[in-house]
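Below are the chains, spelled out letter by letter.
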Amino acid sequence: MELCSLAALSVGFTFVGSCNGDIATTIVQALMERADADANQLDDKFTRFMLLGLGLLFVGGQDKSDVIIETLKIIQHPCSKQAQVIVEMCSFAGTSNVLNVQGMLHYCTEVVDKENGGDDIYQAYAVMGIALTAMGEDVGAEMSLRTFSNLMHCGEPTVRRSVPLALALLSASNPQVGLIDTLSKYSHDSDIGVAMNAILAMGFVGAGTNNARLAQMLRQLAVYYHREPDALFIVRVAQGLLHMGKGTIGINPFYSDRTIMNKNAITGLLATLLAFSDAKSFILSDSHWMLFWLVTAMQPRFMMTLDEKLEMLPVTVRVGQAVDVVGQAGKPRTISGFQTHLSPVRLGYGDRAELGTEEYLSYASVLEGLVILTKNPGYEDESKMEL
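None of the values given here were measured: they were computed from a predicted structure.

Rules and cut-offs
All residue numbers refer to position in the chain's written sequence, counted from 1. With the structure being a predicted model, the display of local features is reserved for residues of pLDDT at least 70 and the display and counting of side-chain atom pairs for 80 or more, all residues being used for whole-chain, interface and lining totals. Only hydrogens and water are set aside; all other atoms, that is, all heavy atoms of the structure, feed into the side-chain values. Per the convention used, a helix needs a DSSP run of H or I reaching at least four residues, while a strand needs a run of E reaching at least two, with both numbered from the N terminus. Put simply, the radius of gyration uses C-alpha atoms, and a globule should come to 2.2 Å times the residue count raised to 0.38. Only protein chains enter the accessibility calculation, which uses a 1.4 Å probe; a residue is then buried when its area is under 20% of its type maximum, exposed when over 50%, and partly exposed in between. A contact between two residues is defined here by any heavy atoms of the two lying within 4.5 Å. Here, a strand pair is defined by DSSP locating no fewer than two bridges between the strands. A helix is expected to span 1.5 Å for every residue after the first. We define a polar contact as two N or O atoms separated by no more than 3.5 Å, with the added condition that, inside protein, one atom must be a possible hydrogen donor and the other a possible acceptor, whereas residues neighbouring each other in sequence contribute only through side-chain atom pairs. To count toward a patch, a residue needs a relative accessible area above 30% and no salt bridge. Like charges then connect within 9 Å, nonpolar side chains (Val, Leu, Ile, Met, Phe, Trp, Tyr) within 5 Å. Method for areas: the Shrake-Rupley scheme with a 1.4 Å probe, in which residue coverage is limited to the protein chains shown. By salt bridge we mean one thing: a side-chain nitrogen of Lys or Arg within 4 Å of a carboxyl oxygen of Asp or Glu. Charge assignment: positive for Lys and Arg, negative for Asp and Glu; neither His nor the chain ends contribute. One atom stands in for each charge, and that atom is NZ of Lys, CZ of Arg, CG of Asp or CD of Glu. Joining through side-chain atoms within 4.5 Å is the link that ties buried Ala, Val, Leu, Ile, Met, Phe, Trp, Tyr and Cys residues into a set, and such a set is a nonpolar core. Paired rings are identified among Phe, Tyr and Trp, the last through its six-membered ring, by centres lying within 6.5 Å, and are further divided according to the angle between planes into stacked (under 30 degrees), edge-to-face (over 60) and tilted (the rest). Counted as over-ring charges are cases with an Arg CZ or a Lys NZ within 6 Å of the ring centre that also lie within 35 degrees of the ring normal. The axes are straight lines fitted to the C-alpha atoms, using for helices just the contacting stretch, and the angles between their N-to-C directions are given from 0 to 180°.

This next bit is on the overall build of the protein. The secondary structure content of the protein amounts to 14 helices and 11 strands. Relative to the compact-globule value of 21 Å for 387 residues, the protein shows a C-alpha radius of gyration of 23 Å, a close match. Along the first, second and third principal axes, the C-alpha set of the protein runs to 90 × 50 × 40 Å. For the protein, the proportion of its 387 residues judged to be buried stands at 50%. A sequence separation of at least 24 residues applies to 69% of the contacts in the protein between residues at least 6 apart.

Structural data, given as C-alpha cells:
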C-alpha cells in the first residue's frame, strides 16, 4: 500500500492541475479494488497520500472534479469521505469560494461515532481545506483567522491539531505579528500534538524571513522542550525553515504580484502538511524524508535585472510596500515608504519593486525574479545635458 500510495502521489505531483481523467479513473479504480478485496488495506496510514495524489490532479479545477467526487461515494470505507474532502478542497484551492469554505466548516462540525468504527481524520483535512481555499486573497484570509480561533476553542482534538497546520498554509513566509503571537500561545498547549504542529507552523510562517522575534521564540521553545525529543526535533526543523537560504528563499505559493498561484508549490506544501496531520506515524517515525517535499515550494526572493544578453545589469530600483492603485485616476504611485537600492534586491511579502530611473525599460510588467531590461531609446541623461 505504501508503494501504491506514493506512486499515486508522484503522478499527482507530475500532473498537478491537469484534471486528467485517465489518471483519476485509474486511482479511483485502485481504491475500489482494494476496498472490495481487503478493506483493511485502506486502513494503512499511507492511504492519505493516494487520496492526495488524486486531489492534486484537480488543483484549481473547481467543478471539473464533480464526477470523481460522486464516484468516490460508492466506496464502502471511511477513506471515501477523506477522498471527497481532499478532492473538493484541492479543486477550489486559492479561489476564495465562500460556499466551499461553508462546506468545509460543515465537515468540521459533524459528530463522528468512533465507537462504531467512525474515523474523524477527514475533519483535519477539512480544516486545511478552509485555509487552502481562503489563501487566494487577503480579506478571505483574515476572515478565516476568526474561524480558526473558534475551531480551536470548540473543536474536537483532531480539528484542534490541524488548526496550526492550516495557519501555516494560510500565511506561508508571511510573519504577521498577530499570527506569531497566536502560534506562540498554541505552542504551549496541553495537547502535545497541537504544540508540535504550532511549532512547525511558526517555521512555515517565518520561512526564509530571518524574523528576529520568531527566532527568539524558537530558542525559548528549544529550552522549554529540552526533555521532549520529538518536540525538540520539530523546533530544530522550524529553526531551519526560518533561516532558509540565509533569508534568500521563501515558500509562498503566489507570484506575479500575488496574482498567480504556483500549483507545484501548493503540492509541496500540502504533501508536507498532510504528513504532519499524523506526525508520530510519519515525520517522527521512519519517514522524516517527507520534509523534502517542501522543496517544490521553495523559490528565491531576489529580484535580479539582466540585459538582453542575459548578463547581470545593476540598476537603481525602488522597493516599498505594494499599494493597490486599480481604478485610480492619473498615474499614482504603486509603492509607499520605498527605499532605493542597486539591484539585485530582496523582496519581502507584500513588497513591490519599480525602476528608479527611465534609463531602462522592462520587458515584464511585474518586477519579480529575473527581469530583462532594454535601453530606453528616448532617454536623455539630465546630468550630462549641456546648456
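From this point on, the discussion continues.
With that settled, the discussion passes to the sheet that holds strand β11 (residues 369-375). With respect to topology, 4 strands assemble into an open sheet ordered β8-β5-β11-β10, the strand pairing being mixed. The strands lining the two open edges of the sheet, one partner per strand, are β8 (345-346) and β10 (360-362). Bridge analysis of β10 against β11 gives 3 bridges, and the strand direction is antiparallel. Each bridged residue has a counterpart across the sheet, and for Tyr 360 the counterpart in β11 is Lys 375.

Let's shift gears to helix α14 (residues 263-275). In a regular helix each residue adds 1.5 Å, so 13 residues correspond to 18 Å; α14 covers 19 Å between its end C-alpha atoms and thus fits that length. Counting buried residues in α14 gives 11 out of 13 residues, a clear majority hidden from the surface. Taken as a whole, α14 has its buried residues at Ala 265, Ile 266, Thr 267, Gly 268, Leu 269, Leu 270, Ala 271, Thr 272, Leu 273, Leu 274 and Ala 275. Its side-chain oxygen 3.1 Å from the backbone nitrogen of Asn 264, Asn 262 forms the N-cap of α14.

What follows deals with the pairing of strand β5 (residues 302-306). Both β5 and β8 contribute to a ladder of 2 bridges, which runs antiparallel. If you follow Met 303 over to β8, its bridge partner there is Val 345. Relative to β11, β5 runs parallel, the two sharing 4 bridges. For Leu 306, the partnering residue across the bridge sits in β11 and is Ile 372.

A cluster of nonpolar residues, Trp 289, Phe 292, Val 295 and Met 298, forms a patch on the protein surface that exposes about 390 Å² of accessible area. Note on placement: Met 298 falls in the loop between α14 and β4 (299-300). The class of Met 298 is partly exposed, set by a relative accessible area of 33%.

Right, let's talk about a negative patch on the surface for a bit. Together, Glu 2, Asp 38, Asp 43, Asp 44, Asp 119 and Asp 286 make up a negatively charged patch on the protein surface. In this structure, Asp 43 sits in the loop between α2 (21-37) and α3 (47-56).

As a further point, take the nonpolar core. Core analysis: the largest hydrophobic core is formed by 115 residues, its most contacted members being Leu 54 and Phe 148. The element best represented in this core is helix α7 (residues 121-134), accounting for 11 residues. Val 315, Val 317, Leu 347 and Leu 373 belong to the second-largest nonpolar core, a separate cluster that totals 13 residues.

Positionally, Leu 42 belongs in the loop between α2 and α3. In this structure, the C-alpha to C-alpha distance between Leu 42 and Pro 78, residues 36 residues apart in sequence, is 8.7 Å. Contacts of Leu 42, omitting those with residues within four sequence positions, involve Met 1, Leu 31, Arg 34, Ala 35, Thr 47, His 77 and Cys 79.

Going through the model one piece at a time under the given rule, you end up with 8 aromatic pairs. Consider the rings of Phe 46 and Phe 282, whose centres lie 5.3 Å apart with planes at 85°: the pair is edge-to-face. A residue pair is termed long-range when its members are at least 10 positions apart, and Phe 46 in the loop between α2 and α3 and Phe 282 in the loop between α14 and β4 qualify at 236 residues. In terms of burial, Phe 46 and Phe 282 fall into one category: buried. Arranged with centres 5.8 Å apart and planes meeting at 90°, the rings of Trp 289 and Trp 293 form a pair that is edge-to-face. Residue class for Trp 289 comes out partly exposed when judged on its relative accessible area of 31%. For Trp 293, a relative accessible area of 14% puts it in the buried group. Through pairs of rings, three or more aromatic residues link up here, namely Phe 13, Phe 46, Phe 49, Phe 282, Trp 289 and Trp 293. It is Lys 45 that lies over the ring of Phe 282; its NZ or CZ is 5.4 Å from the centre.

Across the sheet, 3 strands lie side by side as β7-β6-β9; this open sheet has antiparallel pairing. Each edge of the open sheet carries a strand with a single partner, namely β7 (335-342) and β9 (351-355). If you compare each strand with its neighbour and ignore which way they point, the axes differ by 30° on average.

The next subject is unusual backbone geometry. Of all residues except glycine, most have a negative phi; of all peptide bonds, most are trans. With an omega of 5°, the peptide bond running from Ser 343 to Pro 344 counts as cis. Tracing the sequence through the fold places Pro 344 in the loop between β7 and β8. Even without being a glycine, Cys 19 presents a positive backbone phi close to 55°.

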